[in-house]
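# Notes for the structure review
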Amino acid sequence: MRKSIQLLIGLLLFSGWVQAQSYSIVIKGGRVIDPKNGIDAILDVGIRDGKIVAVQKQLDTTGAKQVVMAAGMLVVPGLIDIHGHYFFGTEPDHYLSNGLTAVAPDGFTLRNGVTTSVDCGGAGWKNFTVFKRNIIDNSKTRILSFLNIVGEGMRGGAWEQDTTDMNARMAAAVAKQFPDHIVGFKVAHYERREWIPVDRAVEAGRLTNLPVIIDFGGSDPPPLSIEELFFQHLRPGDIYTHAFTELNRREPIVDPATRKLKPFVKKAQERGIIFDVGYGGASFVLSQAQPAAAAGFYPNTISTDLHIGSMNASMKDMLNVMNTFLALKMDLKELIKASTWSPALAIQRKDLGHLSVGAEADVAILQQMPGNFGFWDRSGAKITSNQKLVCEMTILGGKIVYDLNGIARPIVLSYSK
C-alpha cells in the first residue's frame, strides 16, 4: 500500500514537472482582464505551442522556457484595431491603396500591444491580391481587410466617386476567395448625396454574411441622414466608423447647437449598429466625445484610423486612443473589451480577442502609469488624466515580439518570421 502511494505521488510530481517543462512562457502575477470569459483577477497565464494552455493561480514555472514578471500590470488579450491603413506602396496618386499615405504595420502595432489590425478599405477587389502579397504575407502583425466596394480601392479623388467601379458581386467573390483575410466591406469618401456605395456594400455583405464599415466621406450640404443610414440601410452588426467626428459634410451624433447626444443614436446602438472610433487625423473631436460620454454613450470598438496624417497628430496610436477614453471615464474593463473581444465579434473572428484555454496566445501586458497627462484633439481642445496605459510587452502567437523593459526571464525576443 505504501509503495502504491509513493508511486502515485511520484507520478503526480513527474506530471507536474513535465507540464512545467512544456510551458514556453509563463506570465506571473498580473491582473488578468479577459472580457469574453468574465475574468478580472490576479492569475498566471501559461503558454505552449502558440496557445493559451492555463489561466490559474500559481503556475509552477520549473522548466518553463521564459517567465514574464507581470506583478502590478494588466494582462489582456492582444489588442485588435479594426480601422487602420496598411496598404503601403510607392505608386504615385494611389493615396491609401498601394500608396505613400499608408504605413507598414509592424512599426506601429506590436509596440502598442496590437496583434491584429484590419486595413480599412485600402484594397478593392481589383488589387486585393497585391495587398495580400506585399503586406499581409510579409507582416508579423495579423493583417485582415475590409475590402473597399470600389474595385480600385482607396485611391482618392475621382477613383472613389466612380459608381461603375462599385461591384457588389465581384467584391463578394473576392471575399469568398480569401475568407481567412477579408472580414467585410468598406465605404468611404463618396461625395454625392446618394446611397449607391452604401447599398452596394450592404449587398456584398448579404452575399457573404459579412459586415460593412461606413465612413461618410462627405457630401454636398445638407449631408446624408445618419438616422436613415442606421435604420433603413444598415443591418445589425454593421459598423459606423468616425463616430465622434464633427465636419460640415457629415452629420454628427451630438447636436452642435445643444451639445446633446441625438436620441436615435443610442437606439441605433441598441439595434446592433456598432459604433467605432476611427480617430484619424480629422475624425475625432472632444466636442463630440465629451457630451456623448456624459450621456453614457461610449464606442463599441476602439480604433485608430492609422496613416501618416494621423500618427504624429493628436491620434498617435492605439494606446493613446484608449487613454483618451480612459480620461473620458470609460470603465477600464469596458475599454479593454472595446479593444479586444468586441472588435473580434465585429469582424466575426471569435478565435481572437480572448485568453481562453486553447486560444491563440496573443497577449498584451500593459502598465497603468501614474502622472500628469494631456489628450488633445485637432481643434486644440484638451483633457487631462492622472494615468495612462503603456505597453510593457506584446506576445503574438506564443512568442514575445515586444518587451519594453526586459520583464521576461531570460530576455529572448522572437520578432523575426
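Provided above is the structure to which this section pertains.
Reading guide: rules and limits
Residues numbered from 1 in each chain as written. Predicted model: local features only at pLDDT ≥ 70, side-chain atom pairs only at ≥ 80, totals over all residues. Heavy atoms only, no water. Helix = DSSP H or I, 4+ residues; strand = E, 2+ residues; numbered from the N terminus. Buried < 20%, exposed > 50% of the residue type's maximum accessible area, 1.4 Å probe, protein only. Salt bridge = Lys/Arg side-chain N within 4 Å of Asp/Glu carboxyl O. Lys, Arg positive; Asp, Glu negative; His and termini not counted. Polar contact = N/O pair within 3.5 Å; in protein donor to acceptor, adjacent residues only side chain to side chain. Contact = heavy atoms within 4.5 Å. 1 Å grid on protein atoms, 1.4 Å probe; cavity = no way out; pocket = protein on both sides within 12 Å on 5 of 7 lines; lining within 4 Å. Points joined across faces, edges and corners; volume = space filled by probe spheres on them. Nonpolar A, V, L, I, M, F, W, Y, C, P; charged D, E, K, R; others polar. Pairing = 2+ DSSP bridges. Phe/Tyr/Trp six-rings, centres within 6.5 Å; stacked < 30°, edge-to-face > 60°. Lys NZ or Arg CZ within 6 Å of the ring centre and 35° of its normal. Core = buried A, V, L, I, M, F, W, Y, C linked by side-chain atoms within 4.5 Å.

## A few points about unusual backbone geometry
- Cis geometry marks the peptide bond from Arg 409 to Pro 410, where omega comes out at -10 degrees.
- For Pro 410, the location among the structural elements is in the segment after strand S16 (408–409).
- In this structure, Asp 49 takes a positive phi of about 55 degrees despite not being glycine.
- Along the chain, Asp 49 turns up in the loop between strand S2 (39–48) and strand S3 (51–56).
- With a relative accessible area of 71%, Asp 49 lands in the exposed category.
- The phi dihedral of Gln 58 falls on the positive side, at around 55 degrees, and the residue is not glycine.

## Remarks on the pattern of salt bridges
- The final tally for this structure, using the stated rule, is 16 salt bridges.
- Glu 152 is paired through a salt bridge with Lys 126; the nearest N and O atoms lie 3.8 Å apart. Residue Glu 152 is located in the loop between strand S8 (142–148) and helix H4 (168–177), and its partner Lys 126 is located in the loop between strand S7 (114–124) and helix H3 (128–134); the two are separated by 26 residues in the primary sequence.
- Across the pair Arg 142 and Glu 360 runs a salt bridge whose closest N-O atoms are separated by 3.9 Å.

## Focus on the side chain of Asp 34
- Examined against the element boundaries, Asp 34 turns out to sit in strand S1 (residues 25–34).
- There is no salt bridge for the buried Asp 34, and the closest opposite charge comes from Lys 36, which lies 7.1 Å off by N-O distance.
- Within the structure, the side chain of Asp 34 is placed 3.1 Å from the backbone nitrogen of Leu 355, a separation counted as a polar contact.

## A few points about the environment of Thr 101
- Tracing the chain through its elements places Thr 101 in the loop between strand S6 (79–84) and helix H2 (106–109).
- The spacing of Thr 101 and Phe 87 is 14 residues in sequence and 8.8 Å in space, taken between C-alpha atoms.
- Beyond its immediate stretch of four places on either side in the chain, Thr 101 contacts Tyr 95, Leu 96, His 307 and Ile 308.

## A word on empty space enclosed by the protein
- This model, assessed by the stated rule, comprises three cavities of 30 Å³ or more.
- Taken as a whole, the largest cavity holds about 100 Å³ of empty space.
- What lines the largest cavity is a set of 13 residues, among which Tyr 190, Phe 216, Gly 217, Gly 218 and Leu 224 lie closest to the centre.
- Along the lines of polarity and charge, the residues of the lining of the largest cavity split into six nonpolar, three polar and four charged.

## What to know about the pairing of strand S5 (residues 74–77)
- With two bridges connecting them, S1 and S5 associate as parallel partners. Within the sheet, the bridge partner assigned to Val 32 lies in S5 and is Val 75.
- Two strands pair when backbone bridges link them, and S5 and strand S13 (residues 363–376) are joined in this way by four bridges, in the antiparallel orientation. From the neighbouring strand, Leu 74 faces S13, where its bridge partner is Leu 366.

## Focus: the packing of aromatic side chains
- Using the criterion set out here, one finds 15 aromatic pairs in the structure.
- In this structure an aromatic cluster arises from ring pairing among Trp 195, Phe 216, Phe 230, Tyr 240, Phe 244, Phe 264, Phe 275, Tyr 279, Phe 284, Phe 297 and Phe 325.
- The ring centre of Trp 341 lies 5.5 Å from the NZ or CZ of Lys 36, which sits over that ring.
- Here Arg 155 stacks its cationic end above the ring of Trp 159, 3.7 Å away from the centre of that ring.

## Topic: the nonpolar core
- Formed by 86 residues in total, the largest nonpolar core has its most connected members in Phe 230, Phe 244 and Phe 325.
- At seven residues, helix H9 (residues 318–327) tops the list of elements feeding residues into this core.
- Those residues in contact with Phe 325, other than ones at most four positions away along the chain, are Phe 244, Val 277, Phe 284, Tyr 298, Pro 299, Ile 302, Met 330 and Leu 335.

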